[in-house]
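As a plain string of letters, each chain reads:
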Amino acid sequence: MFCKNCGQALDNGVRFCPNCGTETTAGVPVPPAASDPVAPRPATYAPPRDRKEKSIALILCLFFGCFGVHKLYLKEQKEGCVMLVIGLFGLFLLIPLLVTGIWSLINLIQLLTMGSEEFDRKYNC
Ligand SMILES: [Zn+2]
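Residues numbered from 1 in each chain as written. Predicted model: local features only at pLDDT ≥ 70, side-chain atom pairs only at ≥ 80, totals over all residues. Heavy atoms only, no water.

Draft legend 1. Broad picture of the coordination of the zinc ion. Those protein atoms acting as donors to the zinc ion are Cys3 (SG), Cys6 (SG), Cys17 (SG) and Cys20 (SG), and they sit at 2.2 to 2.4 Å. Taken together, the four donor atoms coordinating the zinc ion span angles of 105 to 117° at the metal, a pattern that classifies the geometry as tetrahedral. In terms of primary sequence, the donors binding the zinc ion are separated according to C-x2-C-x10-C-x2-C. Here cysteine 3 is found in the segment before α1 (54-64), whereas its partner cysteine 17 is found in the segment before α1, with 14 residues between them in sequence. Residue cysteine 17 is classed as buried on the basis of its relative accessible area of 4%. (Donors = N, O, S within 2.8 Å, 3.2 Å for Na, K, Ca; no water. Tetrahedral: all angles 85-135°; square planar, octahedral: opposite > 155°, others 65-115°. Helix = DSSP H or I, 4+ residues; strand = E, 2+ residues; numbered from the N terminus. Buried < 20%, exposed > 50% of the residue type's maximum accessible area, 1.4 Å probe, protein only.)

Draft legend 2. Region of the structure containing the side chain of threonine 24. Within the secondary structure layout, threonine 24 lies in the segment before α1. Polar contacts involving the side chain of threonine 24 include one to the main-chain carbonyl oxygen of valine 14, which spans 2.4 Å. Setting aside its immediate chain neighbours within four residues, threonine 24 contacts Met1, Leu10, Val14, Arg15, Phe16 and Cys17. (Polar contact = N/O pair within 3.5 Å; in protein donor to acceptor, adjacent residues only side chain to side chain. Contact = heavy atoms within 4.5 Å.)

Draft legend 3. Summary view of the nonpolar core. The biggest cluster of nonpolar side chains holds nine residues, and these are Ala57, Leu58, Cys61, Leu74, Leu108, Leu111, Met114, Phe119 and Tyr123. For this core, the elements supplying multiple residues, two or more each, are α1, α4 (95-113) and α5 (116-123). With three residues, α1 is the single largest residue contributor to this core. Dropping the residues within four chain positions of it, leucine 74 is found in contact with Lys52, Ala57, Leu111, Phe119 and Tyr123. (Core = buried A, V, L, I, M, F, W, Y, C linked by side-chain atoms within 4.5 Å.)

This is the structure we're talking about:
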């Protein structure tokens with residue numbers, strides 16, 4: 001190895017250059033470049049998009065489907081609101097709840113049979 005300051009040939013393991021006294025890198029770990037304070041941080045981080053997860057839509061449909069919650073989640077506000085209103089009426093009248101129950105069951109089957117690619121095409125673009 002050689003002195004990084006003056007180029008003097010050094011014995012391996014020597015900590016200081018006998019010629020100029022510069023500390024050698026022997027035994028001293030080279031600091032990683034990432035610790036350089038002026039190095040810009042890699043700009044790979046991007047905030048996650050408002051991505052719809054099919055699994056979440058399925059769970060919402062399964063448990064709150066009668067109130068159209070899965071539709072609201074999938075940004076289908078109009079249909080979701082209609083189901084929500086009918087579903088809330090259904091709390092008192094039962095029959096509307098049956099309607100949205102069947103409705104959400106259809107949605108559930110649609111979601112289950114829908115491939116992730118189709119799901120992405122429909123809700124994530
Ligand atoms: Zn030297």
